[in-house]
Amino acid sequence: MSPLKKSFHTSNPDADTAIDRTIPDFPAAQISDEDKYFKNHKPPSYLPEIEKEVANFVEFHQNQSGKNIVLVTSGGTTVPLENNTVRFIDNFSAGTRGATSAEYFLENGYAVIFLHREFSLLPYSRHYSHTTNCFLDYMTEVNNKVEINRDFADEMLLVLRKYKAAKESNSLILIPYTTVNQYLYTLKSISEIMERLESKALFYLAAAVSDFFLPQSKMPQHKIQSQDHGGKLIIDLEQVPKFLSRLVDNWAPSAMVVSFKLETDHTILIKKAMSALERYSHQLVIGNLLQTRKKEIVFVTPDGHEDWVRLTDEQYAQKEEIEKLIIPKVISYHQQWINSHSLKTE
Ligand code: PAZ
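Sequence order sets the numbering: in each chain, residues are counted from 1 along the sequence as written. Note on the predicted model: pLDDT of at least 70 is required for a residue's local features to be given, and 80 or more for side-chain atom pairs to be given and counted; whole-chain, interface and lining totals, by contrast, use all residues. Hydrogen atoms and water are omitted, and side-chain values are computed over all heavy atoms in the structure.

- In the nomenclature of an unreviewed UniProt entry, the protein is known as DNA/pantothenate metabolism flavoprotein C-terminal domain-containing protein of Scheffersomyces stipitis.

Here you go:
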């Protein structure tokens, strides 16, 4: 038979399968939970302002400084129970991990977008803002003038120099959020802008994001009145859709993504880190336990490798920061990611 002549016609229906009633119905195309979330929840009104600021920052580092950019997320998210919010559910996090990590990224030559819970710890000011000291304790009066107390002056000078260097090189921007809705919208916008950097973009997701939320459609406008609820308040929360897969697959597919996993039960930490990697297909999970998070963490990679990073008791007592050990390791993973991408495009 000539190769041009076929013994079948694709336009003929397959008579057998056409009448096979045992095959289940094919479901109509579904809109994903994440898309549904954005369809049903309003973006924060200030979002365009943030998008402009982030786009300028990314453009500056892409065209002028050539620095890699990391998005560090930091602090907990709130879940408001009322539109005019008096009550809300909060997530644990002081923002120490994020603010400290941001400083070490800056020290290691990165530009940092610091997406943080408003009024949580910030890079540099964290050394003074949330301590048990009142900020005035860092000052002293000399000849009718205010000066820095000698006990703090040397250390403060070092912090001041690093802060000024970050500011003068335009290497740090601070982007706040409070609610989980603000966090999700802002993360989406920033991620889509950062995709312009391709593999030079790094996501370091240390924020403690609520797994549950109250949809805007169910949120009362005003303060909940106790007499309307018979002395009991039962709150029916929905699960926050899994946005990490949207980030990895759609918003910034060329970037490297590092997420954190916090647990309190050490027997499940590695299992939970591995299941996050399997579920979202990103590059690295840093696991930590609530009780020991400032002393030890574990890097978990998709091949199942565990790499524990620990401060010795002496280092911990000397107030060494574990982020000083974490960040150079994350950067070396990121460098490998960039190298593997440039090989692909060669
Ligand atoms: O902000 P902090 O230093 O008090 O705590 C940091 C942390 C434990 C929130 C962070 O290291 C972390 O694990 N974030 C991810 C939490 C999670 O969603 O599992």
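Back to the text.
### Points about the overall build of the protein
Line of reasoning, step 1. Secondary structure elements are defined from DSSP: runs of H or I of at least 4 residues count as helices, runs of E of at least 2 residues count as strands, and each element is numbered from the N terminus. For the protein, the count of helices and strands is eleven helices and 14 strands.
Line of reasoning, step 2. Each of the three principal axes of the protein carries a C-alpha extent, and together these read 105 × 65 × 45 Å.
Line of reasoning, step 3. Considering only contacts in the protein between residues 6 or more positions apart, those separated by 24 or more positions represent 73%.
Line of reasoning, step 4. Per-residue accessibility takes into account occlusion by the displayed protein chains alone, with areas from the Shrake-Rupley method and a 1.4 Å probe. Here the protein displays about 20600 Å² of accessible surface, and carbon together with sulfur accounts for 52% of that area.
Line of reasoning, step 5. When charges are counted, Lys and Arg are positive and Asp and Glu negative, with His and the chain ends excluded. Note that the charge is assigned to NZ on lysines, CZ on arginines, CG on aspartates and CD on glutamates. The averaged location of the 44 negative side-chain charges in the protein is 2 Å from the averaged location of its 38 positive side-chain charges. Contact definition: two residues touch when any of their heavy atoms are within 4.5 Å.

### Remarks on the site of the ligand
Line of reasoning, step 1. Near is defined per residue: the residue qualifies when any heavy atom it owns lies within 4 Å of the molecule or strand. Not every one of the 13 residues close to the ligand is listed here, only the nearest: Ser93, Gly95, Arg97, Leu262 and Asn288.
Line of reasoning, step 2. In protein, a polar contact means a hydrogen-donor-capable atom and an acceptor-capable atom, both N or O and within 3.5 Å, with residues adjacent in sequence counting only if both atoms are side-chain atoms; elsewhere, any N or O pair within 3.5 Å suffices. In this structure, Asn288 approaches the ligand through a side-chain N or O atom, which is 2.7 Å from an oxygen atom.
Line of reasoning, step 3. When residues of the shell around the ligand are assigned to their parent elements, the largest contribution, three residues, is made by strand β11 (residues 256-263).
Line of reasoning, step 4. Each residue is assigned to one class: nonpolar for Ala, Val, Leu, Ile, Met, Phe, Trp, Tyr, Cys and Pro, charged for Asp, Glu, Lys and Arg, and polar for all the others, Gly among them. Of the residues belonging to the shell around the ligand, the class tally is six nonpolar, four polar and three charged.

### What to know about the packing of aromatic side chains
Here the distance between the centres and the angle between the planes together describe a pair of aromatic rings.
Line of reasoning, step 1. Here the aromatic set is Phe, Tyr and Trp, taking the six-membered ring for Trp, and pairing holds for ring centres within 6.5 Å; pairs whose planes are under 30 degrees apart are stacked, those over 60 apart are edge-to-face, and all others are tilted. This model, assessed by the stated rule, comprises 15 aromatic pairs.
Line of reasoning, step 2. Between the NZ or CZ atom of Lys329 and the centre of the ring of Phe299, over which it lies, the distance is 5.8 Å. Note on geometry: a ring has a charge over it if NZ (lysine) or CZ (arginine) is within 6 Å of the ring centre and within 35 degrees of the ring normal.

### As for the pattern of salt bridges
Line of reasoning, step 1. Here, a salt bridge means any side-chain nitrogen of Lys or Arg that lies within 4 Å of a carboxyl oxygen of Asp or Glu. Counted by the stated rule, this structure contains 15 salt bridges.
Line of reasoning, step 2. The partner of Asp33 in a salt bridge is Lys36, with the nearest N and O atoms 3.8 Å apart. Taken together, the residues Asp33 and Lys36, both in helix α2 (residues 33-40) and three residues apart, mark about one turn of the helix.
Line of reasoning, step 3. Only protein chains enter the accessibility calculation, which uses a 1.4 Å probe. A residue is then buried if its area is under 20% of the maximum for its type, exposed if over 50%, and partly exposed in between. By relative accessible area, which is 37% here, Lys36 ends up partly exposed.

### Some thoughts on unusual backbone geometry
Glycine aside, negative phi is the norm for most residues, and most peptide bonds take the trans geometry.
Line of reasoning, step 1. Although it is not a glycine, Asn170 adopts a positive phi angle of roughly 50 degrees.
Line of reasoning, step 2. When you line up the elements, Asn170 lands in the loop between α6 (150-168) and β7 (172-177).
Line of reasoning, step 3. Judged by relative accessible area, which is 29%, Asn170 ranks as partly exposed.
Line of reasoning, step 4. Phi angles above zero are rare outside glycine, and Glu198 is one such case at about 50 degrees.
Line of reasoning, step 5. Mapped onto the secondary structure, Glu198 falls in the loop between α7 (180-194) and β8 (201-205).

### Examining the side chain of Arg117
Line of reasoning, step 1. Inspection of the secondary structure puts Arg117 in strand β4 (residues 111-117).
Line of reasoning, step 2. You can call Arg117 buried: its relative accessible area is 14%.
Line of reasoning, step 3. Dropping the residues within four chain positions of it, Arg117 is found in contact with Ser74, Gly75, Gly76, Thr77, Thr78, Phe88, Asp90, Tyr177 and Thr178.

### Remarks on the sheet that holds strand β12 (residues 284-289)
Line of reasoning, step 1. For two strands to pair, DSSP has to find at least two bridges joining them. Read from one edge of the open sheet, eight strands run β7-β4-β1-β8-β11-β12-β13-β14, paired in mixed fashion. With one partner strand each, in any of the chains shown, β7 and β14 (306-310) form the two edges of the open sheet. Put simply, the sheet's adjacent strands are angled 20 degrees from each other on average, direction ignored.
Line of reasoning, step 2. Interaxial angles span 0 to 180 degrees and are taken between N-to-C directions of axes, which are lines fitted to C-alpha atoms, for helices over the stretch in contact. Contacts from helix α9 (residues 269-280) reach β11, β12, β13 (296-300) and β14, with the element oriented near 155 degrees to β12.

### As for a nonpolar patch on the surface
Line of reasoning, step 1. Like charges are joined within 9 Å and nonpolar side chains (Val, Leu, Ile, Met, Phe, Trp, Tyr) within 5 Å, but only among residues with over 30% relative accessible area and no salt bridge; these make up the patches. On the surface, Ile89, Leu233 and Ile235 cluster together into a nonpolar patch covering about 220 Å² of accessible area.
Line of reasoning, step 2. By the element assignment, Ile89 lies in strand β3 (residues 88-90).

### Brief notes about helix α3 (residues 47-65)
Line of reasoning, step 1. Here α3 contains 19 residues, and its C-alpha end-to-end distance of 26 Å stays within 8% of the 27 Å for a straight helix at 1.5 Å per residue.
Line of reasoning, step 2. Every buried residue of α3 is listed here: Leu47, Ile50, Val54, Ala55, Phe57, Val58 and His61. When α3 is viewed along its axis, its buried side chains cluster within an angular range of 165 degrees and face the same direction. Of the exposed residues in α3, the ones pointing more than 90 degrees away from its buried face are Glu49, Lys52, Asn63 and Gln64. Helices are assigned an expected span. That span is 1.5 Å times one less than the residue count. Think of the arc as the fan of directions from the helix axis to the C-beta atoms.

### A word on the nonpolar core
When a protein is soluble and globular, its nonpolar side chains tend to lie buried together.
Line of reasoning, step 1. One finds Val54, Ile113, Met194 and Phe203 to be the most contacted residues of the largest nonpolar core, which totals 50 residues.
Line of reasoning, step 2. Counting residues per element, this core draws most heavily on α7, at eight residues.
Line of reasoning, step 3. What we call a nonpolar core is a set of buried Ala, Val, Leu, Ile, Met, Phe, Trp, Tyr and Cys residues that are connected through their side-chain atoms within 4.5 Å. Counting 36 residues, the second-largest nonpolar core is a separate cluster that includes Val72, Phe114, Tyr124 and Tyr138.

### Observations concerning the environment of Gln239
Line of reasoning, step 1. Along the chain, Gln239 turns up in strand β10 (residues 238-239).
Line of reasoning, step 2. According to the relative accessible area criterion, Gln239 is partly exposed, its value standing at 48%.
Line of reasoning, step 3. On a C-alpha basis, the gap between Gln239 and Pro215 in space is 9.6 Å, while along the polypeptide they are 24 residues apart.
Line of reasoning, step 4. Ignoring sequence-local partners within four residues, the contact set of Gln239 consists of Asp211, Phe212 and Phe213.

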